[in-house]
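Listed here are the chains, written in short residue letters.
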Amino acid sequence: QKDQYFSVVETSGYLEYLNNVIQGKVDVDSEAPKTIESQTRVAENARTFLRSHGMLPPNISTSTNNVRLFNETLNHPAEVDSFPNATLYQVVFVQQIEGIPIYTQFGVPLDVSVWMTNTNIVKKVSFFYTQIVGGSEPVGLMTFDTVKQQIESGNGDFYVFGEEGQLLDDTAVSTVKLDSIQLIYFDDRTTGYIHPYYLLKGTETINSYEVRVYLSAAQN
């Protein structure tokens, strides 16, 4: 009986590992499984797992800030704020170039996610990776004042997300409060190139929807 498998989609550079083993109850005379003691240890264990399976390229990284905490329920894992209340963790490794993260459409970073239980059982690995070859000559970037002018003129690609994180199509946005800006590389998944972009994040003021704005960062 198979309890795990690999599925590979070659054209997208995506690999998924699933482990469907269900941990049984502890026998009367047996010791309970040891649980992971900290978020730092969670990240280290995930890194060790990837390295041991040849899935830790040099330009992906994680930290305790990239560890999401969940408690498994009857229906689906629910995210929690406190480490002691978590029974399942998602460790996200983000692909970067010289410290700058790479994103795809709709604000999704190129990443590797490791899902593991608090008893150190890896349940799932999603490996989404792009091999970067070569690069152009350095290009100048727009200044903050220019970025502000561009956004106020309605330039950039706006995306709105609902309460569950789903992308909302054809959502009218009237007033947006933007509170962060980040330099990223953007992979549109069509041309084979990545380009420098500014990613601005904020909130739509009427319904408090999350808003993300992509704006090309290169000077014209």
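Residues numbered from 1 in each chain as written. Predicted model: local features only at pLDDT ≥ 70, side-chain atom pairs only at ≥ 80, totals over all residues. Heavy atoms only, no water.

Attention now moves to the side chain of Gln90. Looking at where Gln90 falls in the secondary structure, it is placed in strand S6 (residues 88–97). Polar contacts involving the side chain of Gln90 include one to the side chain of Ser113, which spans 3.1 Å. Contacts of Gln90, omitting those with residues within four sequence positions, involve Asn66, Val67, Arg68, Phe70, Ser113, Val114 and Trp115. (Helix = DSSP H or I, 4+ residues; strand = E, 2+ residues; numbered from the N terminus. Polar contact = N/O pair within 3.5 Å; in protein donor to acceptor, adjacent residues only side chain to side chain. Contact = heavy atoms within 4.5 Å.)

Below, the discussion takes up the packing of aromatic side chains. In total, this model carries 6 aromatic pairs according to the counting rule given. On the basis of an interplanar angle of 45 degrees and a centroid distance of 6.0 Å, the ring pair of Tyr17 and Phe49 is categorised as tilted. Pair noted here: Tyr17 is in strand S2 (residues 14–19) and Phe49 is in helix H1 (residues 39–52), with a separation of 32 residues, a long-range link. Among the residues examined, Tyr17 registers a relative accessible area of 9% and is labelled buried. Both rings, one in Phe186 and one in Tyr214, keep their centres 5.1 Å apart while their planes meet at 55 degrees; by these two values the pair is tilted. Pair noted here: Phe186 is in strand S13 (residues 176–187) and Tyr214 is in strand S15 (residues 210–216), with a separation of 28 residues, a long-range link. Residue Phe186 is classed as buried on the basis of its relative accessible area of 11%. Take Tyr214: its relative accessible area is 2%, and that puts it in the buried class. (Phe/Tyr/Trp six-rings, centres within 6.5 Å; stacked < 30°, edge-to-face > 60°. Buried < 20%, exposed > 50% of the residue type's maximum accessible area, 1.4 Å probe, protein only.)

Here the focus is H1. In a regular helix each residue adds 1.5 Å, so 14 residues correspond to 20 Å; H1 covers 20 Å between its end C-alpha atoms and thus fits that length. Taken together, the buried positions of H1 are Val42, Ala43, Asn45, Ala46, Phe49 and Leu50. Along H1, the residues classed as buried sweep out an arc of 165 degrees about the axis, all on the same side. For H1, exposure combined with an orientation more than 90 degrees from the buried face picks out Arg51 and Ser52. (Expected span 1.5 Å × (residues − 1). Arc of directions from axis to C-beta.)

A word on the nonpolar core. Residues Val42, Leu50, Tyr89, Phe93, Val114 and Val125 are the most contacted members of the largest nonpolar core, which totals 24 residues. Contributions of two or more residues to this core are made by S2, H1, strand S4 (67–71), S6, strand S9 (111–117) and strand S10 (122–128). (Core = buried A, V, L, I, M, F, W, Y, C linked by side-chain atoms within 4.5 Å.)

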